[in-house]
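Read off the chains here:
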Amino acid sequence: MRGSLRPFVVVVAALAAGAAFAAEWSPWAGVFPSNPCQDGWSACLAGGAAVNSGPARDTAGRPIPSDHRVSWFDLQPTSAFSPFVGLSPYVPSAGPSPVAAVEAVQAPAPSAVAEPVAAADVAPSRATDAAPSQAAAPAAPVAPAAAPQQVAVVTPPAPVPAPTAPAAPAKVAQPAAPVAAPVVAPPPTVAAKPSTPAPAPVPSAPPQTVAAKPVAAVVAPPPVTPPPAAVSASAATASAAAASAPANDSCDDLVKLEPAAMMGQLRPGQVKCLDGRVASEGAQTARDKVSRLLIANAESGGNKAEWERLMRRHLEDIDRSDPDMCFKYALHLSRGGASKSLSVIKWADYALDNKSKWTGNTYKQRVTNLYKLRAEAMIKLWQDAEAQYTSNRSDENEQRAGKFRGTARDYSREWLDYARSSGQDTKTALAACMSAASGNRAFCEGG
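Across the chain, the average pLDDT comes to 71, with 55% of residues at or above 70. Every residue in residues 160-185 scores below 50 in pLDDT, and together they form 42 contacts with partners more than four places removed in sequence or on other chains.

If you want it as structure tokens, here you go:
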């Protein structure tokens, strides 16, 4: 029975060993990739250094999988970082070893050391890296570079081993630190250097030419900015043309002129044109519109003398039925002396004649103010007449002073009565009435 169990034990031990080996190897399967090169080969050259399925090391010497393009520790490119995206050219088996064939066609990685390579030796496949232009015989044509770049490499002299063996192309020295990731930028100019192309590794094989790929992006030239002198000259020319152009002082379109009139910015020519229309227009409504436009321009422009002249002309010659205009003009004249008092009373009376156009609080406030303006204007006339009678006690001056005093008393009483009936303050109106009535309270407060 012991002998019958021996084969079973051997089989179980073999299976356990295989499982243990697989368990130990599985975490390291990614360290030894079957195709570490970016173009699908199991071995290639990058910057003169061989890349194969064995583990590699980054710039700090830490071991990493050989197919890693960038180190996980410092994010720096490794020796497997290749700018080429196309497959390496196929080399027949009659030629040298696969490593030598790959070496013959693989392009050198960019380097910051030593001398520039001639444009005939390097044809770029991207905007920032270079690929071999050909693996060609000496007489093979060289593909033109689509976007040449400055690539620096060290080119040692190529040894010639034997008369029958073709010489391999010069290897490129790998820099100590890997290059940075490609950045799309305008390609610089490649400094040309005369060089003799190396003989093809396989005489019988036709030359392989790698076509240059187009640049990924075309950078448009910056916009041309005219010099400051040209801009200044252009601005000066435009200003001169605008200044020399005659101003349009027509006044046919009143709606178009309203914004400028509301801001007091009508030109003198436009004001003259509108003033002429007031005299020449036959329709009363057209004259009214043109006159109001001139009044608004003078008021917004702060020209009080012109505004007073235009208001007097409008109220006396065009229309006096607008109580707002009459009230406004009477209020303006009330700020003058006794010489303006008769005009204040005149235009206050015209405004009171048309007070029915107001409603609500506007009606009460403006009617009260009109009574006040009229009473105060008459009080000024009475006081001026009393001063003249005091200086010259003539019968004429006495009659004039008595007349103005009686009118001032009546106007003050009307003001007081309306303020009382409309529920407004009566103190000022009562004081004016008592002054004009020589202190007769019964006259001012009687029914």
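On to helix H7 (residues 304-318), then. The terminal C-alpha atoms of H7, which comprises 15 residues, lie 20 Å apart, in line with the 21 Å expected from a rise of 1.5 Å per residue. On the buried face of H7, the contacting elements are helix H5 (268-280), helix H6 (284-300), helix H8 (323-333) and helix H9 (341-353).

Moving on to the state of the cysteines. For the structure shown, the criterion picks out 2 disulfides. Here Cys-251 connects covalently by a disulfide to Cys-273, the sulfurs 1.9 Å from one another. Residues Cys-251 and Cys-273 are joined through a disulfide that is left-handed, its torsion about the S-S bond being -65 degrees. Pair noted here: Cys-251 is in the loop between helix H3 (228-244) and helix H4 (254-262) and Cys-273 is in helix H5, with a separation of 22 residues, a long-range link. Classification of Cys-273 by relative accessible area gives partly exposed; the value is 25%. Disulfide pairing places Cys-433 opposite Cys-444 at an S-S distance of 2.1 Å.

Bringing the environment of Ala-375 into the picture now. With respect to the helices, strands and loops of the structure, Ala-375 is situated in helix H10 (residues 360-391). A residue is classified by how much of its surface remains accessible, and Ala-375, at 0% relative accessible area, is buried.

Moving on, we come to the packing of H9 against H10. For the pair H9 and H10, interaxial distance at closest approach is 9 Å and the crossing angle is 155 degrees. When the axes of H9 and H10 are compared, the pair comes out roughly antiparallel. In this structure, H9 crosses over H10, and the sense of that crossing is left-handed. Contact residues: H9 offers Ser-341, Leu-342, Val-344, Ile-345, Ala-348, Asp-349, Ala-351 and Leu-352, while H10 offers Val-367, Leu-370, Tyr-371, Leu-373, Arg-374, Ala-377, Met-378, Lys-380 and Leu-381. Among the residues forming the contact of H9 with H10, the class breakdown is 13 nonpolar, 1 polar and 3 charged.

Grouped together as the largest cluster of nonpolar side chains are 55 residues, with contacts concentrated most on Leu-274, Met-311, Leu-315, Trp-347, Leu-370 and Met-378. With 11 residues, H10 is the single largest residue contributor to this core. If we skip the residues at most four places from it in the chain, Trp-347 touches Leu-315, Glu-316, Arg-320, Cys-326, Tyr-329, Ala-330 and Leu-333. Cys-37, Cys-44, Ala-46 and Ala-80 belong to the second-largest nonpolar core, a separate cluster that totals 5 residues.

Okay, the side chain of Ser-422 next. Relative to the assigned elements, Ser-422 resides in the loop between helix H11 (395-421) and helix H12 (427-436). Of the residues examined, Ser-422 reaches a relative accessible area of 16% and is grouped as buried. At 2.8 Å, the side chain of Ser-422 forms a polar contact with the side chain of Gln-424. Excluding anything up to four places from it in sequence, Ser-422 contacts Lys-364 and Thr-368.

Bringing the packing of aromatic side chains into the picture now. Here the structure, examined in full by the defined rule, presents 3 aromatic pairs. Taking 5.7 Å as the distance between ring centres and 50 degrees as the angle between the ring planes, the aromatic pair formed by Tyr-371 and Tyr-418 counts as tilted. With Tyr-371 in helix H10 and Tyr-418 in helix H11, the pair connects residues that are 47 residues apart, well separated along the chain. Assigned by exposure class, Tyr-371 and Tyr-418 land together as buried. The rings of Tyr-329, Trp-347 and Tyr-350 are connected pair by pair, giving a single aromatic cluster. Here Arg-374 stacks its cationic end above the ring of Tyr-411, 4.1 Å away from the centre of that ring. Directly above the ring of Phe-443 sits Arg-409, whose terminal nitrogen or CZ lies 5.0 Å from the centroid.

Attention now moves to the pattern of salt bridges. Side chains that differ in sign of charge can pair as their charged atoms come close. Overall, the coordinates contain 14 salt bridges when judged by the stated rule. When the shortest N-O distance is used, the salt bridge between Arg-277 and Glu-281 registers 2.8 Å. The exposure class assigned to Arg-277 is buried, which follows from its relative accessible area of 16%.

The rules behind these values
Residues numbered from 1 in each chain as written. Predicted model: local features only at pLDDT ≥ 70, side-chain atom pairs only at ≥ 80, totals over all residues. Heavy atoms only, no water. pLDDT = per-residue confidence, 0-100. Contact = heavy atoms within 4.5 Å. Helix = DSSP H or I, 4+ residues; strand = E, 2+ residues; numbered from the N terminus. Expected span 1.5 Å × (residues − 1). Disulfide = S-S within 2.5 Å. Buried < 20%, exposed > 50% of the residue type's maximum accessible area, 1.4 Å probe, protein only. Axes fitted to C-alpha atoms, helices over the stretch in contact; angles between N-to-C directions. Parallel < 35°, antiparallel > 145°, perpendicular 65-115°, else oblique. Left-handed = near helix turned anticlockwise from the far one by under 90°. Nonpolar A, V, L, I, M, F, W, Y, C, P; charged D, E, K, R; others polar. Core = buried A, V, L, I, M, F, W, Y, C linked by side-chain atoms within 4.5 Å. Polar contact = N/O pair within 3.5 Å; in protein donor to acceptor, adjacent residues only side chain to side chain. Phe/Tyr/Trp six-rings, centres within 6.5 Å; stacked < 30°, edge-to-face > 60°. Lys NZ or Arg CZ within 6 Å of the ring centre and 35° of its normal. Salt bridge = Lys/Arg side-chain N within 4 Å of Asp/Glu carboxyl O.

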